[in-house]
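Listed below are the residues making up each chain.
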Amino acid sequence: MGKFVISTRKNGEYQFNLKATNGQVILASEGYTTKAACENGIESVKKNAADDARFDRKESSNGKFYFNLKAGNGQVIGSSEMYETVASRDNGIESVKKNAPEATVVDETE
């Protein structure tokens, strides 16, 4: 089962990473000014990950592939790493769909 890991950035902002069972980061959040906002972001990922339409499939200017997960209001709540192929990006999306809804939360800020 996957897990969300909450941590703090050097600038003091909170962030989360969704990690697959193998420990690989499959989704990273933006920075949040409060832990409560970060936790709300996690809940939003859990809620939206099952909806394929919420995944925005992208290609970067250097030809690599990635995706953003968006909330119902269109705001990006998480982004993937860069992938070499469309197939590996799509596998990443499937991994988020599979792992996010039941993922546990580990708070590394305490």
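Everything here concerns the structure above.
Conventions we followed
- Residues numbered from 1 in each chain as written.
- Predicted model: local features only at pLDDT ≥ 70, side-chain atom pairs only at ≥ 80, totals over all residues.
- Heavy atoms only, no water.
- Helix = DSSP H or I, 4+ residues; strand = E, 2+ residues; numbered from the N terminus.
- Buried < 20%, exposed > 50% of the residue type's maximum accessible area, 1.4 Å probe, protein only.
- Pairing = 2+ DSSP bridges.
- Core = buried A, V, L, I, M, F, W, Y, C linked by side-chain atoms within 4.5 Å.
- Contact = heavy atoms within 4.5 Å.

Help me understand the environment of Gly74, please; the structure alone is not making it clear to me.
Take Gly74: it is sitting in the loop between strand 5 (65-70) and strand 6 (76-79). Overall, Gly74 belongs to the partly exposed group, its relative accessible area being 38%. For the pair Gly74 and Asn40, spaced 34 residues apart in sequence, the C-alpha to C-alpha distance is 15 Å.

Would you mind showing me how to read the pairing of strand 1 (residues 3-8) here?
As a general feature of sheets, a regular strand has side chains that alternate between the two faces. Pairing geometry for strand 1 and strand 2 (residues 14-19), over 6 bridges, is antiparallel. Bridging across to strand 2, Phe4 finds its partner in Leu18. The hairpin formed by strand 1 and strand 2 contains 5 residues between the paired strands, and Gly12 there has a positive phi angle of roughly 90°. In this sheet, strand 7 (residues 104-107) lies alongside strand 1 in parallel orientation, the contact comprising 4 bridges. Across the sheet, Val5 pairs through a bridge with Val106, a residue of strand 7.

Got a minute to help me understand the nonpolar core in this structure?
Nonpolar side chains in soluble globular proteins generally cluster together in the buried interior. Phe4, Phe16, Leu18, Val45 and Val96 are the most contacted members of the largest nonpolar core, which totals 22 residues. Contributing elements (two or more residues each) for this core: strand 1, strand 2, strand 3 (25-28), helix 1 (35-48), strand 5 and helix 2 (86-99). In terms of residues, this core owes the most to one element, helix 1, which gives 3 residues. In contact with Leu18, other than residues within four places in its own chain, are Lys3, Phe4, Gln24, Val25, Ile26, Leu27, Val96, Ala100 and Ala103.

Read these as spatial facts, not as claims about activity.
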